[in-house]
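Below, each chain spelled out in residue letters.
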Amino acid sequence: MNDIIVSAQEPILLVGGAHGDNAQLLSLLDEVKTVVAADSGADWLRSVGRLPDALIGDLDSVSEATRAAIPSQSVHLISEQDSTDFDKALRSISAPLIIGIGFLGGQVDHLLAVMTVLARHSDRAVVLVGEKDVVAHLPPQITLPVSPGTRVSLFPMRSVMGASTGLHWPIDGLELSPGARVGTSNRADGPVSLTVYGPGLLVILPVSERRGLEQALMRSDGRWPAL
């Protein structure tokens, strides 16, 4: 575990190396003040005309040209190889919300590693943004301001139970587990309230629900301890 490198009282944008839609990245850049790159995420930022306020990772993927363009005091090498660059960056940030882009595309093994890290850092409010979906780890209680018919998928990273209102197929009394029952492709009958009895449950929503999910996470009371 390393020390906090970047701290803010407002949401921070974290950019990863699984490049996506430039227009989506530029839109997010307009919303935040502080931008952090996880390794080669800095190359994507530089390609749209922005340098990160901090570059964090083992720095084995970022180009030499991009690294040289970033002030040395903003480059933070974490050389250990027991964790991913997403993990290194996430544990180095303190903010009420971390919005991550550039993590949901690319290789499937990288995507699975990202989901594992997201579940591990259950004490953080994080929304990962893709071209079609947004993903977050659920806190103990949350209300999602979704409209009837909205796809609401719940994916357990460990065995977990909970209760719901507003889901077409309620989860009350069900044990969700990655090796057994999962909750994908459920749908909302209206705003959805979820109570989760332990950490490890991810929610996946259409990307159009990003702002509502972000606001719900910041309004929610309580966080899980880090796993």
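Rules behind the numbers
Residues numbered from 1 in each chain as written. Predicted model: local features only at pLDDT ≥ 70, side-chain atom pairs only at ≥ 80, totals over all residues. Heavy atoms only, no water. Helix = DSSP H or I, 4+ residues; strand = E, 2+ residues; numbered from the N terminus. Rg over C-alpha atoms; globule rule 2.2 N^0.38 Å. Buried < 20%, exposed > 50% of the residue type's maximum accessible area, 1.4 Å probe, protein only. Contact = heavy atoms within 4.5 Å. Areas by Shrake-Rupley, 256 points an atom, 1.4 Å probe, with all protein chains shown as cover. Lys, Arg positive; Asp, Glu negative; His and termini not counted. Charge placed at Lys NZ, Arg CZ, Asp CG, Glu CD. Expected span 1.5 Å × (residues − 1). Core = buried A, V, L, I, M, F, W, Y, C linked by side-chain atoms within 4.5 Å. Salt bridge = Lys/Arg side-chain N within 4 Å of Asp/Glu carboxyl O. Phe/Tyr/Trp six-rings, centres within 6.5 Å; stacked < 30°, edge-to-face > 60°. Polar contact = N/O pair within 3.5 Å; in protein donor to acceptor, adjacent residues only side chain to side chain. Pairing = 2+ DSSP bridges. Right-handed = clockwise from strand over helix to strand, strands pointing away.

1. Description of the overall build of the protein chain
Then, number 1: Across its full length, the protein chain carries 6 helices and 15 strands.
Then, number 2: Radius of gyration (C-alpha) of the protein chain: 17 Å, near the 17 Å computed for a compact globule of 227 residues.
Then, number 3: Its C-alpha atoms put the protein chain at 55 × 35 × 30 Å along the principal axes.
Then, number 4: Looking at the protein chain residue by residue over its 227 residues, the buried ones come to 51%.
Then, number 5: A separation threshold of at least 6 residues defines the contact pool for the protein chain, and within that pool the share at least 24 residues apart is 65%.
Then, number 6: With the model as given, the accessible surface of the protein chain reaches about 10,200 Å², and the carbon-plus-sulfur share is 50%.
Then, number 7: Separation between the mean location of the 17 positive side-chain charges and that of the 25 negative ones in the protein chain comes to 4 Å.

2. A closer look at helix α5 (residues 108-120)
Then, number 1: Along its 13 residues, α5 runs 18 Å from first to last C-alpha, staying within 8% of the 18 Å computed at 1.5 Å per residue.
Then, number 2: If you check which residues of α5 are buried, you get V114, M115, V117, L118 and A119.
Then, number 3: Buried residues along α5 sit in contact with α4 (85-90), β8 (126-129), β9 (133-137) and β15 (201-206).

3. A short note on unusual backbone geometry
Then, number 1: At L59, a position not held by glycine, the phi torsion is positive, near 60°.
Then, number 2: Examined against the element boundaries, L59 turns out to sit in the loop between β4 (54-57) and α3 (64-69).
Then, number 3: Even without glycine at this site, S185 takes up a positive phi of about 55°.
Then, number 4: Locating S185 in the fold gives a position in strand β14 (residues 183-196).

4. Here we look at the nonpolar core
Then, number 1: Ranked by internal contacts, the top residues of the largest apolar core, which has 45 residues, are L13, L144, L194, V203 and L213.
Then, number 2: Not counting chain neighbours up to four residues away, the residues in contact with L213 comprise V127, V134, A136, L144, V203 and L205.
Then, number 3: A8, L14, F86 and A89 belong to the second-largest nonpolar core, a separate cluster that totals 23 residues.

5. Points about the pattern of salt bridges
Then, number 1: Per the stated rule, a full pass over the model turns up 10 salt bridges.
Then, number 2: A salt bridge links D87 to R91; the nearest nitrogen and oxygen atoms lie 3.3 Å apart. Assigned by exposure class, D87 and R91 land together as buried.
Then, number 3: Between D87 and R120 there is a salt bridge, with its nearest N and O atoms 2.5 Å apart. On the criterion of sequence distance, the pair formed by D87 in helix α4 and R120 in helix α5 is long-range, its members being 33 residues apart.

6. Some thoughts on the packing of aromatic side chains
Then, number 1: For the structure shown, the criterion picks out 1 aromatic pair.
Then, number 2: Taking the centre distance of 4.6 Å and the plane angle of 45° together, the rings of F86 and F103 count as tilted. One end of the pair, F86, is in helix α4; the other, F103, is in the loop between β7 (98-101) and α5, with 17 residues separating them in the sequence.
Then, number 3: Looking at F103, the relative accessible area reads 7%, which means it is buried.

7. Observations regarding the environment of N186
Then, number 1: Within the secondary structure layout, N186 lies in strand β14.
Then, number 2: We classify N186 as buried; its relative accessible area is 8%.
Then, number 3: Spatially, the C-alpha atom of N186 lies 8.5 Å from that of T150, the residues being 36 residues apart in sequence.
Then, number 4: Contact partners of N186, with chain neighbours within four places excluded, come to T150, R151, V152, L167, H168 and W169.
Then, number 5: Only 2.7 Å separates the side chain of N186 from the backbone oxygen of W169, close enough to count as a polar contact.

8. So, the pairing of strand β3 (residues 34-38)
Sheet faces and side chains relate simply in a regular strand, where the side chains alternate between the two faces.
Then, number 1: Among the 5 residues in β3, 5 count as buried, and that is most of the element.
Then, number 2: Residues T34, V36 and A38 point to one face of β3 and V35 and A37 to the other, with burial holding for every one of them.
Then, number 3: Two elements, strand β2 (residues 12-15) and β3, share 4 bridges in a ladder whose sense is parallel. What sits directly across from I12, in β3, is T34.
Then, number 4: Considered for its hand, the β-α-β crossover made up of β2, helix α1 (residues 22-29) and β3 is right-handed.
Then, number 5: Pairing analysis gives 3 bridges linking β3 to β4, with the strands arranged parallel. Along β4, the bridge assignment pairs A37 with L55.

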